[in-house]
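Listed here are the chains, written in short residue letters.
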Amino acid sequence: MPTRHLDQRIVSVKPITVAAPGRSVELQVKVTAPLSGRNLPVIVFSHGNAWSLDGYEPLVDRWAAAGFVVVQPTHLDSRHNGIGWDDPRFATIWRVRIADLHAVVDGLGEILRQAGDLETRVDRERVAVVGHSWGAQTAGAVLGARVLDADGVPGEDFSHPAVSAGALIAATGTGDTLTPFAVEHLPFMRPDYSTMTTPALVIAGGKDQSQLSTRGPEWFTDAYHLSPSPKSLLAIAEAEHTMGGIAGERAAETTDEDPARVALVADAISAYLLDVFTLDKAAWTALDDAAAAGDGTWSISGK
């Protein structure tokens, strides 16, 4: 059983280069893990637009302290790479992002070897993908969601058989209400969740008003409502797109800074995954009970 004390010491190793033939920029990852414990489950995390392996420490550090090994790739759209809307590579970055997650899962053994003794301490049968914003759509594809083309025909299946659970934070909704800018630059933001059969937790903010859709915050609950069970939904009434600052404390993108909200998001994901992985049901049960007895500022639904 993994050790899950939030005061546990953790360690990070970066950068580790992952084999990704044909990629225009080397694929690098950061690994964060507890210093002790065995049979540790794995989270592969996909960042939001323009971020990198150096972001999201408020989430990653809590997950590692809770007993997870977290692997964070830097996708091509990272601001480090300077690939803008007009770059010819931008149109296919969504595919490269998905390929990045596959490369990480497929190369997990070598990644763990380069990170120290982790190869002998990880449970390779318990691998999850988690993502925020664009990263949530990327993770969703690995969980089984597809992308609809202009005619509404679902694209290829990008699910990975080694991934058995996930969590989507502020995931793109259905694409029939995209703004003109999104239609022009982000036509791939048309997910089909009907094939996303892998167990997942969807997290949505009640004040997350996207500039990419003409719908309101409920757009971000589509991943829950339009996917088959088993799924859970954590709805946080006052949360905006940055969920209190999950990418980093005082990050420029943060519009609703709230450390307690960040902790809720982090701990809900670790509790959910520990439950789905049948490692510890107590934390998720306690969270569900707290939501039911709470003041309505956040809620948990399931199906």
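Let me sum up the structure you'll find in this document. Owing to the predicted nature of the structure, the values given are computational and were not obtained by experimental measurement. (Residues numbered from 1 in each chain as written. Predicted model: local features only at pLDDT ≥ 70, side-chain atom pairs only at ≥ 80, totals over all residues. Heavy atoms only, no water.)

So, on to the overall build of the chain. Regarding its fold elements, the chain presents 8 helices and 11 strands. Along the first, second and third principal axes, the C-alpha atoms of the chain reach 50 × 50 × 35 Å. Counting the 303 residues in the chain, one finds 57% classified as buried. Across the chain, the fraction of contacts at a sequence separation of at least 24, relative to all contacts at a separation of at least 6, is 73%. Of the accessible surface of the chain, which amounts to about 12,400 Å², a share of 52% is contributed by carbon and sulfur atoms. (Helix = DSSP H or I, 4+ residues; strand = E, 2+ residues; numbered from the N terminus. Buried < 20%, exposed > 50% of the residue type's maximum accessible area, 1.4 Å probe, protein only. Contact = heavy atoms within 4.5 Å. Areas by Shrake-Rupley, 256 points an atom, 1.4 Å probe, with all protein chains shown as cover.)

For the rest of this paragraph, the subject is the nonpolar core. By size, the foremost hydrophobic cluster in this structure holds 98 residues, and its most contacted members are Leu59, Trp63, Ile269 and Leu273. No other element matches helix H7 (residues 259–276), which puts 10 residues into this core. Discounting chain neighbours no more than four positions away, the residues touching Trp63 are Ile43, Phe45, Phe68, Val70, Val130, Ala266, Ile269 and Ser270. (Core = buried A, V, L, I, M, F, W, Y, C linked by side-chain atoms within 4.5 Å.)

Of all 9 residues in helix H4 (residues 134–142), 9 are buried, a share of seventy percent or more. Buried within H4 we find Trp134, Gly135, Ala136, Gln137, Thr138, Ala139, Gly140, Ala141 and Val142. Residues of H4 that are buried make contact with strand E3 (40–46), helix H2 (93–106), strand E5 (122–132), strand E6 (146–147), strand E7 (165–169) and strand E8 (191–192). Of the residues trailing H4, Gly144 is marked for its positive phi of about 125°.

The next subject is the side chain of Asp77. Looking at the secondary structure, you find Asp77 in the loop between strand E4 (69–73) and H2. If sequence neighbours within four positions are ignored, Asp77 has contacts with His47, Gly48, Asn49, Ala50, Ile93, Arg97 and Trp134.

Looking now at the sheet that holds strand E2 (residues 27–34). Pairing is mixed across the open sheet formed by 9 strands, whose spatial order is E1-E2-E4-E3-E5-E7-E9-E10-E11. Strands with a single pairing partner mark the edges of an open sheet, and in this sheet they are strand E1 (10–18) and strand E11 (298–302). The sheet shows a mean angle of 20° between the axes of neighbouring strands, direction not considered. One ladder, built from 6 bridges, connects strand E9 (residues 200–205) with strand E10 (residues 231–236); its direction is parallel. Opposite Gly205, over in E10, you have Ile236 as the bridge partner. Strands in contact with H4 are E3, E5 and E7; relative to E5, the strand with the most contacts, it is inclined by about 140°. (Pairing = 2+ DSSP bridges. Axes fitted to C-alpha atoms, helices over the stretch in contact; angles between N-to-C directions.)

This paragraph deals with the packing of aromatic side chains. Following the criterion strictly, the structure yields 9 aromatic pairs and no others. Judged by centre distance (6.0 Å) and plane angle (15°), the ring pair of Trp94 and Phe188 falls under stacked. Here Trp94, found in helix H2, pairs with Phe188, found in the loop between helix H5 (180–185) and E8; they are 94 residues apart in sequence, far enough to count as distant. Classification of Phe188 by relative accessible area gives buried; the value is 5%. A ring pair is formed by Tyr272 and Trp284, whose centres lie 5.4 Å apart and whose planes are at 75°; its orientation type is edge-to-face. In this pair, Tyr272 sits in helix H7 while Trp284 sits in helix H8 (residues 282–293), placing the two residues 12 residues apart along the sequence. Neither residue differs from the other here; Tyr272 and Trp284 are each classed as buried. Taken together, the aromatic side chains of Phe90, Trp94, Trp134, Phe158 and Phe188 make up a single cluster linked through ring pairs. Its guanidinium or amino end placed over the ring of Trp51, Arg79 lies 5.4 Å from that ring's centre, counting from NZ or CZ. (Phe/Tyr/Trp six-rings, centres within 6.5 Å; stacked < 30°, edge-to-face > 60°. Lys NZ or Arg CZ within 6 Å of the ring centre and 35° of its normal.)

Let us now look at unusual backbone geometry. The peptide bond linking Lys14 to Pro15 adopts the cis configuration, its omega dihedral lying at -15°. Mapped onto the elements, Pro15 comes out in strand E1. In this model, Ser229 is joined to Pro230 through a cis peptide bond whose omega is 5°. Relative to the assigned elements, Pro230 resides in the loop between helix H6 (222–225) and E10. Of note in the backbone geometry, Ala50 takes a positive phi value of approximately 80° without being a glycine.

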